[in-house]
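This is what each chain is made of:
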Amino acid sequence: MEHLKPTPANSSPLTPLSFLDRAATVYGDCVSVIYNQTQFTWSETSQRCHRVASSISSLFGIRRRDVVSVLSPNVPAMYELQFAVPMAGAVINSVNTRLDARTVSVLLKHSGSKLLFVDCALRSLAVEALSLLKPGDVKPVMVLIRDGYESEEVNALTGEFAMSYDDLVERGDPGFDWLMPETEWDPIALNYTSGTTSAPKGAVHCHRGIFLMTLDTLINWSVPKQAVYLWTLPMFHANGWCFPWGMAAVGGVNVCVRKFEAAAIFHLIEKHKVTHMCGAPVVLNMLSNSKDARPLKIPVKIMTAGASPPAAVLLRTEALGFEVSHGYGLTETAGLVVTCAWKPKWNRLPASEQARMKARQGVRSYCMTKMDVIDPATLSSAPRDGATVGEVVLRGGSVMMGYLKDPESTAKSISNGWFFTGDVGVMHEDGYLEIKDRSKDVIITGGENVSSVEVESVLFAHPEVNEAAVVARPDEFWGETPCAFVSLKAGVAKGPSDKEVMEYCRERMPHYMIPKTVAFMEELPKTATGKIQKFVLRELAMKMGPTQHRSRM
């Protein structure tokens, strides 16, 4: 069979952009996007994306592999740009809207972005960010995304902006012959890591990887045709875990929402009969703790990822009618590549045990070739005993091509046939992965390894605790000890003291794991996707200085 080779007929580049044309054909008269009182059909969304792609190419001279950035919440234009930018051959860079101007400026400079789409409510942030660029830096042209539901003042087209997004739609060609990637390895997205570490890096993904990740996510979560998806997950976070393209593939409905408010979320779920949504564990916590929380009329599937949802949060969320699935992924994998595939026999377990099983990250998804927990020094697999920790490594089709302009970090993360995640985990006897911590978040106290995740899980079970995060604080005797940062639930008149929190922990964990410091905050610092910024808390713990006069425990 040596004479059988790839040909144009059997090796056309895989790209998720093809899902849009198919959606327009199959679901053309069906609703595609809802935003307040605005609705579009798939035929209209397809035409708008073609028009914007045409304008990007013709009005701004954007060419293949140029970076085009977007600074926007989950509004219709943000959704359309996930298609329109790469349809023009460019690479989409969705910027975290919670970053400060200095950081946005750094990312724009690093990416070499030539065009920046800016939501009207974020105009001052964008203008300030560009003002920080130096004379020799590439300064992107700005396009204003107007919003008819916002004030005239923020929608004003001032001199900093070349034109509005609506101008691009009006001037563009609806029959624009969009640019297929030359190969499926062409870049489609540039995503900077979320900021849970202090030095974000730009992960570059190709058309092939995003295509695979999109279909993988739909299959893995059993997303049906014409699902109703509520955008509680920011699209700037790993391109919304590939759901912009996924919803086109199934002809679903995208319910866009500018900002997350629990009352509005419950209203939208009821009004539009939402079937699916995603978010970090903090989203589950906010929904289940909200004064507006009420039982759902129909079940809603919710996918969460990041730190393991504490059992108490899972139980509260599911009691409302949410069906929670838990997964694991990184910016570098374009979405969730490990999910807790549920076994029917687990339905017979008590609720508390089901929550414990669900808190595990699970097994590799379909586009991951292999997943393991290894000793990074020897590269040997850790025993499947649920206790021996090692670094989580991955191999598969959606792993990034590398970090932009950072060969050193790329070589460090991708080597010996693996992508090294930097996360610490254990492999259980049944082959299910459980993340224990980021490698930098393991606290070593007196020679004992303390998983901050385990301590946080106990703190979350406290009836008056809303949020909790544990980091290392220097200690003169033990080297370092657990330091807990805690916020209390709304309405708590007189919360527990630090000593009372420590005593609560003492009854539920080994003595060496008990936080030796408990600091109360109104709200813990977070990234835009709800991940607690432990590097900020680590800095606060360092500033406290070493704990002194520790007695032996």
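Residues numbered from 1 in each chain as written. Predicted model: local features only at pLDDT ≥ 70, side-chain atom pairs only at ≥ 80, totals over all residues. Heavy atoms only, no water.

Summing up its helical and strand segments, the chain has 18 helices and 27 strands in all. Relative to its length of 553 residues, the chain is compact, with a C-alpha radius of gyration of 24 Å against a globular reference of 24 Å. Taken along the three principal axes of its C-alpha coordinates, the chain extends 75 × 65 × 55 Å. A total of 553 residues make up the chain; the buried ones form 57% of that total. For the chain, the proportion of contacts with a sequence separation of at least 24, taken over those separated by at least 6, is 70%. Of the accessible surface of the chain, which amounts to about 23,500 Å², a share of 53% is contributed by carbon and sulfur atoms. Here the chain contributes 57 positive and 58 negative side-chain charges, whose respective centroids are spaced 2 Å apart. (Helix = DSSP H or I, 4+ residues; strand = E, 2+ residues; numbered from the N terminus. Rg over C-alpha atoms; globule rule 2.2 N^0.38 Å. Buried < 20%, exposed > 50% of the residue type's maximum accessible area, 1.4 Å probe, protein only. Contact = heavy atoms within 4.5 Å. Areas by Shrake-Rupley, 256 points an atom, 1.4 Å probe, with all protein chains shown as cover. Lys, Arg positive; Asp, Glu negative; His and termini not counted. Charge placed at Lys NZ, Arg CZ, Asp CG, Glu CD.)

Evaluated as defined, the whole model comprises 11 aromatic pairs. The interplanar angle of 75° and the centroid separation of 6.0 Å between the aromatic rings of F117 and Y165 together place this pair among those described as edge-to-face. With a gap of 48 residues between them, F117 in strand β5 (residues 115-119) and Y165 in helix α7 (residues 165-171) connect regions that are remote in the sequence. The buried category is assigned to Y165, whose relative accessible area is 2%. Ring-pair connections join several aromatic residues into one group, and the members of that group are W221, Y229, W231 and F243. If you follow K358 out to its NZ or CZ, it ends over the ring of W342, 4.8 Å from the centre. Its guanidinium or amino end placed over the ring of W418, R395 lies 4.0 Å from that ring's centre, counting from NZ or CZ. (Phe/Tyr/Trp six-rings, centres within 6.5 Å; stacked < 30°, edge-to-face > 60°. Lys NZ or Arg CZ within 6 Å of the ring centre and 35° of its normal.)

Strand-to-strand pairing in sheets goes through backbone hydrogen bonds, with the strands running parallel or antiparallel. Spatially, the 3 strands line up as an open sheet ordered β25-β26-β27, and their pairing is mixed. In this open sheet, the two edge strands, each paired with only one partner strand, are β25 (465-475) and β27 (517-520). Along the sheet, successive strands turn relative to each other by an average axial angle of 25°, direction set aside. With 10 bridges joining them, β25 and strand β26 (residues 479-488) adopt antiparallel strand pairing. (Pairing = 2+ DSSP bridges. Axes fitted to C-alpha atoms, helices over the stretch in contact; angles between N-to-C directions.)

A few words on the packing of helix α4 (residues 101-111) against helix α5 (residues 123-131). Following both chains from N to C, one finds α4 and α5 inclined at 60°, their axes separated by 8 Å at the closest point. One element, α4, and the other, α5, form an angle in the oblique class. Judged by the sense of rotation from one axis to the other, the crossing of α4 with α5 is right-handed. Between α4 and α5, the contacting residues are A101, V104, S105 and L108 on the first element and L125, E128, A129 and L130 on the second. (Parallel < 35°, antiparallel > 145°, perpendicular 65-115°, else oblique. Left-handed = near helix turned anticlockwise from the far one by under 90°.)

So, on to unusual backbone geometry. Even without being glycine, A238 reaches a positive phi, approximately 50°. By secondary structure assignment, the location of A238 is in helix α9 (residues 238-241). Within the chain, W241 stands out as a residue other than glycine whose phi angle is a positive 55°. Position of W241 among the secondary structure elements: in helix α9. Residue class for W241 comes out buried when judged on its relative accessible area of 6%.

Attention shifts here to the domain arrangement of the chain. Once the domains are mapped, the chain shows domain 1 (35-180), domain 2 (219-438) and domain 3 (442-544). On a C-alpha basis, the centroid separation for the pair domain 2 and domain 3 is 24 Å. Overall, the association of domain 2 and domain 3 removes approximately 1,300 Å² of surface from exposure, summing both partners, and the carbon and sulfur fraction of that is 58%. K436 is the salt-bridge partner of E454, the closest N and O atoms lying 3.0 Å from each other. (Domains from an automatic or database assignment. Buried area = accessible area lost by both parts, 1.4 Å probe. Salt bridge = Lys/Arg side-chain N within 4 Å of Asp/Glu carboxyl O.)

Further remarks concern helix α14 (residues 351-358). Quick reminder: α-helices carry 3.6 residues per turn. Residues three or four places apart thus point the same way. Every buried residue of α14 is accounted for by Q354, A355, M357 and K358. Looking straight down α14, one finds that the buried residues subtend no more than 160° of arc, so they occupy a single side. Looking at the buried positions of α14, the neighbouring elements they touch are α13 (311-319) and β14 (322-330). (Arc of directions from axis to C-beta.)

Bringing the packing of α13 against α14 into the picture now. Packing of α13 against α14 leaves a shortest axis separation of 9 Å and a crossing angle of 110°. With respect to α14, the axis of α13 lies roughly perpendicular. The crossing of α13 and α14 is right-handed. On the side of α13, the interface is formed by A311, L314, L315 and E318, while α14 contributes A351, A355 and K358. Of the residues in the contact of α13 with α14, the class split is 5 nonpolar, no polar and 2 charged. (Nonpolar A, V, L, I, M, F, W, Y, C, P; charged D, E, K, R; others polar.)

Further remarks concern the side chain of H428. Tracing the sequence through the fold places H428 in the loop between β21 (418-427) and β22 (433-438). Exposure remark for H428: the relative accessible area of 14% places this residue in the buried category. Looking at H428, its side chain comes within polar contact range of the side chain of E434, at 2.7 Å. What H428 contacts, discounting residues up to four positions off in sequence, is R360, R384, G386 and E434. (Polar contact = N/O pair within 3.5 Å; in protein donor to acceptor, adjacent residues only side chain to side chain.)

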